[in-house]
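Listed below, chain by chain, are the residues.
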Amino acid sequence: MNQSELIDRLSEQTGNTKTKTKEILGNAIDVLTKQLVDGSGVSVPNLGTFSTKVNPEKKVYNPHYDAYILVPEKRVVEFTPATGLKDDVKYIGDKDE
Amino acid sequence: MTLNTSGIKMSEKITFKELVELIAEQSRQSQASANSFIHELVSIIESGLKTSGSVSISGFGKFELRWMNERTGTHPQTGEEITIPAQNKVVFKPFKALREEVNKPYSYLKTRLIREEYDAVPAGFEEEENADSGKKSTRESAAGKASFGKKGKDLPTVDELLIIHDNPYFSGGKRQPEMEPSTPLPAPIVFSYEDKIAGEVQRSGSFKWSYAAAVIIALIAFMLLFFMMRDSAGPDIAQMPQQTEQPLPSPAEQPIIDRENGAAEPGAATDADTVQTEFTTDTYNVEAGQSLWTIAENRLGNPYLWPLLYQLNSNILDNPNLLPAASDLNVPRISNPDNLNSFEREQVALGYFSLYEWNRVNNPDEARYFLWAVGVFSPELLEAPPSQVNPDDLAFARNR
């Protein structure tokens, strides 16, 4: 599902115009992003928890230089799906089901 | 709460109520409608995952189902082996904007090449450098030689990468504009000397400055050897004592540098065992397009030694960034660019100190990097500066 499909369905469900829906969604994303950047994370019920962690620096082999490269530490987003969501989609598309 | 190693201030995770309040505030909506909006959003994401397997939210990321095959794992409590059935996993892939935003505190960090093993060093050069020390085993030499041709081609790139990474302008927490080629900076590549020495002692250690640094050192040594052989007056570099073991003379005891323009007598080899008090200098006629940096690179074997030229030619140079063409420079003969003796280190440090003083007046924002370079070459000089220095710069240079 892409952004416009999402907006379509959201505006249908909430009764707002698409423009309005887009704006609120944008604001919600801004708030989430801000919480991820400045805070330690945010939980959304039934969806999951967004948090950040710092990956320590690591050594990787680069075949182009035929040498090892030190990749510096990096802060990344982590997402842990909520249990409900996880279980609901667990066997979607499973051929045996 | 996420652990954070670099001291970025982190607040606790906010509750869903606070999240709804924030969204309501920003969208000028009631909290009730913001709340239902989020719930709708979540249910649509879930149904989107069920129907199409992925949901993208622009500016944020993409939720995706990933099919995990059956695998075996251990029960977290009992420790016994269990079979985990094949199932879907929900993954979230943040888009670039979010990734960059989150990584902002670390964005100044760059990847860099490291030397993994001594075996990886092209041994053609290494052998020259350590011809008499006998520390290299033949196995290592052979291993290096076998792949030398291939590595040789990549050398310039490796060099560039290191210089970019080592540029102090890139590590101040924020990115600075790139330097002009004509104004080389005191970059900390000199650390590779220490690494080199320590590498001899403890080869298995986890040195980050790995292979690339060694390649550059080897190249420099090779170039120096070439020049020395041409002049037929080369000091025996292999017998140089390691400079870390020599006591450094205090700056007050430094003799005045010989500034005579006369060419050096042939055969005036530097005796490593006696304390050197002045440089043997050659005269070098500057050609158009050259800078102190390039001359230091070509004649001294290490571009970072360029302050030495500035120091030795202070009678004709004032602005270090301007080098008059066709002027005659005194170029010192140095023993070994990867292993400076204490006198040479002292002089390079004094050169950086002169540059610091010049930049303090003409370029105060960048002056502190030169002061820091003083400490790299001679911590003693930084402890007792020959003249008054700005206390902020001194603190920066000492703590960097």
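The structure we're discussing is the one just above.
What counts, and at which threshold
Residues numbered from 1 in each chain as written. Chains lettered and ligands numbered in written order. Predicted model: local features only at pLDDT ≥ 70, side-chain atom pairs only at ≥ 80, totals over all residues. Helix = DSSP H or I, 4+ residues; strand = E, 2+ residues; numbered from the N terminus. Buried ≥ 20, exposed ≤ 12 C-beta atoms within 10 Å, placed from the backbone. Contact = placed C-beta atoms within 7 Å. Pairing = 2+ DSSP bridges. Axes fitted to C-alpha atoms, helices over the stretch in contact; angles between N-to-C directions. Core = buried A, V, L, I, M, F, W, Y, C linked by C-beta atoms within 7 Å.

Novice: I keep staring at the overall build of chain B and nothing clicks. Help me out?
Specialist: The helix and strand inventory of chain B stands at 14 helices and eight strands. Considering chain B as a whole, with its 400 residues, one finds that 34% of them fall into the buried category. Considering only intrachain contacts with a sequence separation of at least 6, the fraction spanning at least 24 residues in chain B is 60%.

Novice: Explanation requested: the sheet that holds strand β5 (residues 87–94) of chain B in the structure shown.
Specialist: Pairing between the strands of a sheet comes from backbone hydrogen bonds, and it takes one of two forms, parallel or antiparallel. Residues and elements named next belong to chain B. Read across the open sheet, the three strands follow the order β1-β2-β5; overall the sheet is antiparallel. What marks the edges here is a single partner per strand, and that holds for β1 (54–57) and β5. Taking the axes of each pair of neighbouring strands and ignoring which way they run, one obtains an average angle of 20° across the sheet. Looking at chain direction, strand β2 (residues 61–68) and β5 are connected through eight bridges and run antiparallel. From the neighbouring strand, Gly 61 faces β5, where its bridge partner is Pro 94.

Novice: How do you make sense of the nonpolar core when you look at a structure like this?
Specialist: Note that soluble globular proteins tend to have their nonpolar side chains buried in a common cluster. Formed by 38 residues in total, the largest nonpolar core has its most connected members in Trp 306, Leu 309, Tyr 352, Phe 370 and Val 374 of chain B. The biggest single contributor to this core is helix α12 (residues 367–377) of chain B, with nine residues. By size, the runner-up hydrophobic cluster in this structure holds 35 residues, among which are Val 77 of chain A together with Leu 19, Ala 24 and Leu 41 of chain B.

Novice: Would you mind going over the sheet that holds strand β2 (residues 48–55) of chain A with me for this structure?
Specialist: All names here are of chain A. Read from one edge of the open sheet, three strands run β1-β2-β5, paired in antiparallel fashion. Each edge of the open sheet carries a strand with a single partner, namely β1 (41–44) and β5 (74–81). Sheet twist, expressed as the mean angle between neighbouring strand axes with direction ignored, is 25°. Here β1 pairs with β2 via four bridges, running antiparallel. By the bridge assignment, Val 42 is partnered in β2 with Phe 50.

By themselves, these observations are geometric and do not establish any function.
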